[in-house]
Amino acid sequence: MASIIFEGVEKRYPDGSTAIRHLDLEIKDGEFLVLVGPSGCGKSTALRMIAGLEDITGGQLKIGGNVANGLAPRDRDVAMVFQSYALYPHMSVEENIGFGLSARGVAKEEIALKVQKTAELLELEPYLKRKPGQLSGGQRQRVAMGRALVREPNAFLMDEPLSNLDARLRGQMRAEIARLQKMTGVTTVYVTHDQIEAMTMGDRVAVMRGGVLQQLGAPRTLYDAPDNLFVAGFIGTPSMNFVKATVIADGKDLFAEVGAFRLPLDAGLLEKRPALNTFLGKTITLGIRPEVLATADEADASKGRMQGNVAFVEDFGATQLVHLDVESASVEEAADEDAELTLSGNRLRAALPASLTIKSGDVLTVTVDPVHVHFFDPETEQAIRA
Ligand SMILES: Nc1ncnc2c1ncn2[C@@H]1O[C@H](COP(=O)(O)OP(=O)(O)OP(=O)(O)O)[C@@H](O)[C@H]1O
Ligand SMILES: [Mg+2]
């Protein structure tokens, strides 16, 4: 097993396009790290550089403490599981799992033993004699994993391994892969554009955008304390609301003015975040997750209120996502891919319990708990946290 360290790694393709810009990232020995970001942000490129399938055009890559820039793929002792898991159709499950070992000239008895052990781990024993064509998608996926596991590599590299599966199976395999990784303790780098996979599987998550690492942290940290607007909008479903506001001090009290509404902010906020002082009277961007908005409780004056017209409601079963037009508020759309934030008018999204009867055309007041408000500098897009 091994740590994997990117030190100022760059990747410029021969056509001159830069896929990775100065990447500093340390994946610890035994860690499950998820690389997540929108299409084209450089996830696969980063993974392929670890595998040795792309050369590194700047900086250093270390595997197990040794510089690996020039190492041939076969000398890196890493196993890659791809999105299209390309099993050999004419070989049985057993042969597919053992193929890599027999190609390396490992003794037959040893192969049999290792294949058996791997099949047990993956609960594939009943299918060892079958051909891939006689398996379900999830079973095929497990065979592909088995082929990688049996080699007992220093690290696993997985590039969107679940994207060909249906939603139910994806959910099962998410848990399965996470379980296997914990059991084997093999350093794993897992690439996905799906932030739910990132949040549920990773010990830590690295969020990329346009070849640049945006934030590295535990899933909880990314959710609770995103470093910038991009991470704030990318992590969490439904995505965070971004609202233009002016922060004003009224005596000892602090407010955020959103259109005609005054949202009280934490009394001690300026001590906690002195950087906010420089934004007093200026426009900033508030981040409010749909799930922290609640229906109004008249008794609670500590919470801000915004009133709007319900445009439409999406029923998710346990919750409903209420699209609320709040007059005079300006709400931005989360950035997708490399797009800048765009003003999407005055529509807020609130995730509310499905038990409430809410329908389009209703006038609805929602409350905002100041504890859950995020603050961003609209110029730099960075979180105002210090
Ligand atoms: N061989 C290549 N030559 C030139 N540019 C390339 C090459 N391969 C990838 N790129 C570019 O590098 C950038 C990163 O590509 P990469 O495949 O790493 O993205 P990704 O994050 O894996 O995206 P996806 O989620 O769509 O798989 C993209 O802009 C892509 O167009
Ligand atoms: Mg990719």
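Everything below is about the structure shown above.
Before going into details, it helps to say that this report is about the structure given with it. (Residues numbered from 1 in each chain as written. Chains lettered and ligands numbered in written order. Predicted model: local features only at pLDDT ≥ 70, side-chain atom pairs only at ≥ 80, totals over all residues. Heavy atoms only, no water.)

## As for the nonpolar core
In this structure, Ile177, Tyr190 and Val207 are the most contacted members of the largest nonpolar core, which totals 43 residues. Considering each element in turn, this core owes the most residues, 5 residues, to helix 4 (residues 137-149). In this view, valine 207 contacts Val36, Val212, Leu213, Gln214, Gln215, Leu222, Phe230, Val231, Phe234 and Ile235; residues no more than four positions away in its chain are not counted. Counting 35 residues, the second largest nonpolar core, distinct from the first, contains Leu265, Leu270, Met306 and Val322. (Core = buried A, V, L, I, M, F, W, Y, C linked by side-chain atoms within 4.5 Å. Buried < 20%, exposed > 50% of the residue type's maximum accessible area, 1.4 Å probe, protein only. Helix = DSSP H or I, 4+ residues; strand = E, 2+ residues; numbered from the N terminus. Contact = heavy atoms within 4.5 Å.)

## Remarks on the sheet that holds strand 15 (residues 293-295)
Ordered in space as 15-21-16-17-20, the 5 strands form an open sheet in which the pairing is antiparallel. The sheet is open, and its two borders are formed by strand 15 and strand 20 (347-353), each paired with just one other strand. On average, each strand axis in the sheet is inclined to that of its neighbour by 50°, with strand direction left out of account. Here 6 bridges tie strand 16 (residues 304-315) to strand 17 (residues 319-325), and the two strands are oriented antiparallel to one another. (Pairing = 2+ DSSP bridges. Axes fitted to C-alpha atoms, helices over the stretch in contact; angles between N-to-C directions.)

## Structural notes on the sheet that holds strand 9 (residues 204-209)
Ordered by their spatial adjacency, 6 strands build an open sheet running 6-7-8-3-9-10, and the pairing between neighbours is mixed. This sheet does not close on itself; its edge strands, each paired only once, are strand 6 (78-81) and strand 10 (212-217). The average angle at which neighbouring strand axes cross in this sheet is 15°, direction not considered. Contacting strand 6 and strand 7 (155-159), helix 4 crosses the sheet at an angle of about 170° to strand 6.

## Details of the packing of helix 2 (residues 93-103) against helix 3 (residues 108-121)
Axis separation between helix 2 and helix 3 bottoms out at 10 Å; the angle between their running directions is 130°. Our classification of the angle between helix 2 and helix 3 gives oblique. Like other packed secondary-structure pairs, helix 2 and helix 3 cross with a definite hand, here right-handed. Note on element contacts: helix 3 touches helix 2 through Ile111, Lys114, Val115 and Thr118, opposite Glu94, Ile97, Gly98, Leu101 and Ser102. Per-class residue counts for the contact of helix 2 with helix 3 are 4 nonpolar, 3 polar and 2 charged. (Parallel < 35°, antiparallel > 145°, perpendicular 65-115°, else oblique. Left-handed = near helix turned anticlockwise from the far one by under 90°. Nonpolar A, V, L, I, M, F, W, Y, C, P; charged D, E, K, R; others polar.)

## A look at the site of ligand 1
Around ligand 1 lies a shell of 13 residues, among which Ser39, Gly40, Lys43, Ser44 and Thr45 are the nearest. For ligand 1, an oxygen atom lies 3.2 Å from a polar atom in the backbone of cysteine 41. Take glycine 42: an N or O atom from its main chain is 3.0 Å from an oxygen atom of ligand 1. A per-element tally of the shell around ligand 1 places helix 1 (residues 43-51) first, with 3 residues. (Near = heavy atom within 4 Å. Polar contact = N/O pair within 3.5 Å; in protein donor to acceptor, adjacent residues only side chain to side chain.)

## Topic: the layout of surface pockets
Approximately 490 Å³ is the volume found for the largest pocket. Taken together, 20 residues line the largest pocket, and the ones lying closest to its centre are Val78, Ala79, Met80, Phe82 and Arg151. Elements represented by at least two residues in the lining of the largest pocket include exactly strand 6, helix 2 and helix 4. At 4 residues, strand 6 tops the list of elements feeding residues into the lining of the largest pocket. Partitioned by chemical class, the residues of the lining of the largest pocket number 14 nonpolar, 2 polar and 4 charged. As a volume, the second largest pocket reaches approximately 330 Å³. Looking at the second largest pocket, it is lined by 20 residues, and the ones nearest its centre are Asp224, Val371, His372, Val373 and His374. (1 Å grid on protein atoms, 1.4 Å probe; cavity = no way out; pocket = protein on both sides within 12 Å on 5 of 7 lines; lining within 4 Å. Points joined across faces, edges and corners; volume = space filled by probe spheres on them.)

## Concerning the environment of glycine 70
One can find glycine 70 in the loop between strand 5 (66-67) and strand 6. Linking glycine 70 and arginine 220, residues 150 residues apart in sequence, is a C-alpha distance of 36 Å.

## Some points on the pattern of salt bridges
Enumeration over the complete set of coordinates arrives at 17 salt bridges. Aspartate 362 is paired through a salt bridge with lysine 359; the nearest N and O atoms lie 3.2 Å apart. (Salt bridge = Lys/Arg side-chain N within 4 Å of Asp/Glu carboxyl O.)

## Side note on the packing of helix 4 against helix 5 (residues 167-184)
Running from amino to carboxyl end, helix 4 crosses helix 5 at an angle of 20°, the nearest separation of the two axes being 11 Å. Overall, the two elements helix 4 and helix 5 adopt an arrangement that is roughly parallel. Helix-helix and strand crossings are classified by hand; for helix 4 and helix 5 the assignment is right-handed. Mapping the contact onto sequence places Gly137, Gly138, Gln141, Arg142, Met145 and Leu149 in helix 4 and Leu169, Met173, Glu176, Ile177, Leu180 and Thr184 in helix 5. Class assignment of the residues belonging to the contact of helix 4 with helix 5 gives a composition of 6 nonpolar, 4 polar and 2 charged.

## As for unusual backbone geometry
Following threonine 237, the chain continues to proline 238 via a peptide bond in cis, the omega torsion being -15°. Not every positive phi belongs to a glycine, and glutamate 160 is a case in point at roughly 45°. Structurally, glutamate 160 can be placed in the loop between strand 7 and helix 5. Relative accessible area serves as the criterion here: at 12%, glutamate 160 is assigned to the buried category. Notably, glutamate 381 is not glycine yet its phi reads approximately 65°, a positive angle. Topologically, glutamate 381 is positioned in the segment after strand 22 (374-376).

## Here's the deal with the packing of aromatic side chains
One pass over the full model with this rule turns up 4 aromatic pairs. Residues phenylalanine 230 and phenylalanine 234 carry aromatic rings whose centres are separated by 5.6 Å and whose planes lie at 15° to one another, so their mutual orientation is stacked. You can see phenylalanine 230 and its partner phenylalanine 234 sitting in helix 8 (residues 229-234), 4 residues apart, about one turn around the helix. In terms of burial, phenylalanine 230 and phenylalanine 234 fall into one category: buried. Their ring planes at 90° and their centres at 5.9 Å tell us that phenylalanine 242 and phenylalanine 376 sit as a pair that is edge-to-face. Pair noted here: phenylalanine 242 is in strand 11 (residues 241-250) and phenylalanine 376 is in strand 22, with a separation of 134 residues, a long-range link. The pair formed by phenylalanine 242 and phenylalanine 376 is uniform in burial state, with each residue classed as buried. Seen from the ring of phenylalanine 255, arginine 262 lies directly overhead, with NZ or CZ sitting 4.5 Å from the centre. When the ring centre of tyrosine 223 is taken as origin, the NZ or CZ atom of arginine 289, which lies over that ring, is 4.1 Å away. (Phe/Tyr/Trp six-rings, centres within 6.5 Å; stacked < 30°, edge-to-face > 60°. Lys NZ or Arg CZ within 6 Å of the ring centre and 35° of its normal.)

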